[in-house]
Amino acid sequence: MAKALNPDIGIIGNFVGATGRNNVNAYPSLSLQESEVSFQAIVDPYARADFFLAVGEEGIEVEEGYVTFPALPGNFLLKAGKMRSTFTRVNTFHNHTLPWIDRPMVQFNLMGGSLDEADVGIKEAGLSLSRILPAPIFLEATAELFRGDSGSLFHASRRSDVSNVFHLRSYGDLTESTNLEIGGSYARGHNDVGSDFITHLTGLDATLRWKPLRRAIYRSFSARSEFVWSRRQEDATTQRAFGFFASAEYQLARRWFTGARVDWAERARNASQHDSAESVVLTYWPSEFSQIRGQLRRTRYAEGQTANEFLFQFLFTMGAHGAHPF
Amino acid sequence: MNRQNAGFIQFAVAILVGLWWCLAPGSAAFAKNLNVMTSTEDLASLAREVGGQHATVESIARGYQDPHYVEAKPSFLLKLQKADLLVVVGLGLEIGWLPPLITQSRNARIQMSGGGYLDASTAAAILEKPSGPVTRAMGDVHPLGNPHYWLDPENGRRIAKAIAEKFAQLDPEDAAYFEQRYQDFERRLQEADKRWLEAMAPLKGTEVITYHNSWPSFTDHFGLRVGGFVEPKPGIPPSPAHTLEVINQIKKDQIKLILVEPYFDLKTPKAIAAQTGAQVLVMLPSVGGVPEVANYLQLFDYNIRLLKGALAGQK
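Computed from a predicted structure; not experimentally measured. (Residues numbered from 1 in each chain as written. Chains lettered and ligands numbered in written order. Predicted model: local features only at pLDDT ≥ 70, side-chain atom pairs only at ≥ 80, totals over all residues. Heavy atoms only, no water.)

Examining the overall build of chain B
Helix and strand counts for chain B stand at ten helices and eight strands. Taken along its principal axes, the extent of the C-alpha atoms in chain B is 85 × 50 × 40 Å. When burial is assessed residue by residue, chain B has 55% of its 315 residues classed as buried. Just so you have it, chain B exposes about 13100 Å², and 57% of that area is on carbon and sulfur atoms. Of the charged side chains in chain B, 31 are positive and 32 negative, and the gap between their average positions amounts to 3 Å. (Helix = DSSP H or I, 4+ residues; strand = E, 2+ residues; numbered from the N terminus. Buried < 20%, exposed > 50% of the residue type's maximum accessible area, 1.4 Å probe, protein only. Areas by Shrake-Rupley, 256 points an atom, 1.4 Å probe, with all protein chains shown as cover. Lys, Arg positive; Asp, Glu negative; His and termini not counted. Charge placed at Lys NZ, Arg CZ, Asp CG, Glu CD.)

Here it is in structure tokens:
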């Protein structure tokens, strides 16, 4: 009986390798980059809890750990804990659900990446409240309040230096097989120059998906793009930087996926510099529970260097069968 | 404005705006007419049989779709948000897509703990519950038993009864109506089952190959035998070595039929058929697999007509 009440436990191993030369921001040659251990359970009739621990070679970090109250009055959904923010779509993805091995450059350059901390994006302790708005299409509004410490993006010197994120997500079925999702995001937090200095982020994301229902396990296509504008106040100036990525993924057969991504992003702390990259990706699924992926990436850094790299990845799942991300 | 508190104030304003939206229409009020969502079209058909004019029923998955792999589209949330009842197949069939839809529906009624959640498998007789340890070396096995249990008409009756009882709980005023609808459905199902069993009697013991292990409830009820599967293991696509084994088995056992669900590629089954002379039949595991199969009784009519026709043609 005790076993029946245990949370669902899953482990996703994420083994990443890299070859080629990169003198600016290099992956290690071989690493068990970040495996994810998940514990998920219904807490009581009013709440469920989800924990995702990122287990790397250097230690364990809480990737996400939150309680969700799905049955609040007024059709609200409240989450409390540490979580990936809804600022743009890709920020909410866990590493193993990305359609690439790496995260897009715009996340690294504008959303808190640094050479010391490769794992980027807004993920923090806080509260997230969302509601589906009454509208003819699907429209969901989310408001989030965080502590204000997120990688190199936000830094809370005082307790009141909180950050917040707002996200509006719209979705429509164009046909039975095709749908379009467009989202707008805004984030604001204090930066590491000091309490009086704010970084504002504005984001726009769009995803077009096609999957014919009768052949859903054999064919699919998705195209996505995200644009981020950063405005970072500093002592004397304000750095205004912009970045985007655009990518597409096509499923050739039940087990084969191919994709490409283009990146271009200025740097949040020095907007006069920009980096760019192109990638092609090939993915093979031996089964629903494992994945082998290769990614060829050419990166042109602002320093004038070009890095040609081949990244490869083995993903393998043990235990509970998590839901597929949409 | 004090800059320190700007973050808190922005957040509070957003919450107030949210509360204002809350007052706008959109919260589902309990209706006399039950608003029912089901995960599959088979459950929707059974719910319509007993719900009649006092239930509006819609399925998330389409009948021609693989029910293991349905996309958790946000548009389903709009429908789930207003549902009084959600009926699911259970046994892990929908585990890849339904749980996030339920959580994000913001509908207390259809949460697992709510009064408007019905797992139909709790009412049905389930086959193939593993007795020993289960590992993924066996493929995508369902540790709680085979989830395609609605393909036994006896289970169809049991599910309909469970749905009728649930309807009566949610709408006690119409309990007698639901009971009468259920009795009527049970009578029609029994008559039809008698007819189906008679039609299938000459085929008793016929051995078939199926693509996925979707049919044990059907074959058990109608006396067919499943000799093997096109998939080497559940959820694993056909491999050349396994395909060769299937070809040899068909030749050895003189198996005449390969049953394929409508969402699988016909390439491998057709290649096997070409090598062996067996016939490929696209059988429907669900209502709505083709437009003319609009309800639960028509699903069996269609599949049995197909089986009879195929074997008659071979004689």
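Quick look at unusual backbone geometry
With a phi angle near 60°, N75 of chain A is a residue other than glycine that sits in the positive phi range. Here N75 of chain A lies in the loop between strand 5 (59–69) and strand 6 (76–84). Despite not being glycine, E128 of chain B shows a phi value in the positive range, around 60°. Residue E128 of chain B is classed as partly exposed on the basis of its relative accessible area of 43%.

Some thoughts on the interface of chain B and chain A
Chain B puts 53 residues into the contact, and the matching count from chain A is 59 residues. Of the roughly 5200 Å² buried between chain B and chain A, counting both surfaces, carbon and sulfur atoms make up 59%. If you look at where chain B meets chain A, you find two salt bridges. Between R106 of chain B and E140 of chain A there is a salt bridge, with its nearest N and O atoms 2.7 Å apart. (Contact = heavy atoms within 4.5 Å. Buried area = accessible area lost by both parts, 1.4 Å probe. Salt bridge = Lys/Arg side-chain N within 4 Å of Asp/Glu carboxyl O.)

Concerning the pairing of strand 13 (residues 238–251) of chain A
Remark: a regular strand shows side chains that alternate across the two faces of the sheet. Residues and elements named next belong to chain A. One ladder, built from 14 bridges, connects strand 12 (residues 220–233) with strand 13; its direction is antiparallel. Bridge pairing links W229 to F242 in strand 13. Connecting the antiparallel pair strand 12 and strand 13 is a turn made up of four residues. By the bridge criterion, nine bridges tie strand 13 to strand 14 (residues 256–267) in an arrangement that is antiparallel. Bridge pairing in strand 14 places A248 opposite A260. (Pairing = 2+ DSSP bridges.)

Description of the packing of helix 2 (residues 41–51) of chain B against helix 6 (residues 175–200) of chain B
Residues and elements named next belong to chain B. The contact between helix 2 and helix 6 brings their axes to 7 Å, and the two run at 120°. The orientation of helix 2 relative to helix 6 falls into the category oblique. Here helix 2 contributes L46, R48, E49, V50 and G51 to the contact with helix 6, which in turn contributes Y177, F178, R181, Y182, F185 and R188. Counted by class, the contact of helix 2 with helix 6 contains six nonpolar, one polar and four charged residues. (Axes fitted to C-alpha atoms, helices over the stretch in contact; angles between N-to-C directions. Parallel < 35°, antiparallel > 145°, perpendicular 65-115°, else oblique. Nonpolar A, V, L, I, M, F, W, Y, C, P; charged D, E, K, R; others polar.)

Description of the sheet that holds strand 4 (residues 117–119) of chain B
Residue and element names in this part refer to chain B. Reading across the sheet, the four strands line up as 2-1-3-4 and stay open at both edges, with parallel pairing between neighbours. Each end of this open sheet is capped by a strand with a single partner; those strands are strand 2 (55–59) and strand 4. On average, each strand axis in the sheet is tilted by 20° relative to the strand beside it, whichever way the strands run. With three bridges connecting them, strand 3 (residues 85–88) and strand 4 associate as parallel partners. Pairing of V88 across the sheet is with D119, part of strand 4. Sitting on the sheet, helix 2 is in contact with strand 1 (34–38), strand 2 and strand 3, with an inclination near 170° to strand 2.

Quick word on the pattern of salt bridges
Oppositely charged side chains can form a pair if their charged atoms are brought close together. Residues and elements named next belong to chain B. Applying the stated criterion across every chain, the model contains 36 salt bridges over all chains. Where E154 meets R158, a salt bridge forms, and the shortest distance between an N and an O atom there is 3.8 Å. Separated by four residues within a single helix, E154 and R158 lie in helix 5 (residues 153–170), roughly one turn from each other. Across the pair R187 and E191 runs a salt bridge, and its minimum N-O distance is 3.3 Å. Taken together, the positions of R187 and E191, both in helix 6 and four residues apart, correspond to about one turn of that helix.

So, the sheet that holds strand 8 (residues 279–282) of chain B
Pairing between sheet strands relies on hydrogen bonds along the backbone, with the strands arranged either parallel or antiparallel. Residues and elements named next belong to chain B. Strand order across the open sheet formed by four strands is 6-5-7-8, with parallel pairing between neighbours. Looking at the sheet topology across the chains shown, the edges are occupied by strand 6 (225–229) and strand 8. Averaged over all pairs of adjacent strands, the angle between strand axes in this sheet comes to 35°, irrespective of strand direction. Strand direction decides the pairing type here: strand 5 (residues 207–210) and strand 6, joined by four bridges, are parallel. Along strand 6, the bridge assignment pairs V208 with V226.

A closer look at the packing of helix 5 of chain B against helix 6 of chain B
All names here are of chain B. Packing of helix 5 against helix 6 brings their axes to within 9 Å, and their N-to-C directions diverge by 175°. In terms of their interaxial angle, helix 5 and helix 6 are classed as roughly antiparallel. Contacts between helix 5 and helix 6 involve P153, G156, R157, A160, K161, A164, F167 and A168 from the former and A175, F178, Y182, F185, E186, L189, D193 and W196 from the latter. In terms of residue class, the contact of helix 5 with helix 6 is built from eleven nonpolar, one polar and four charged.

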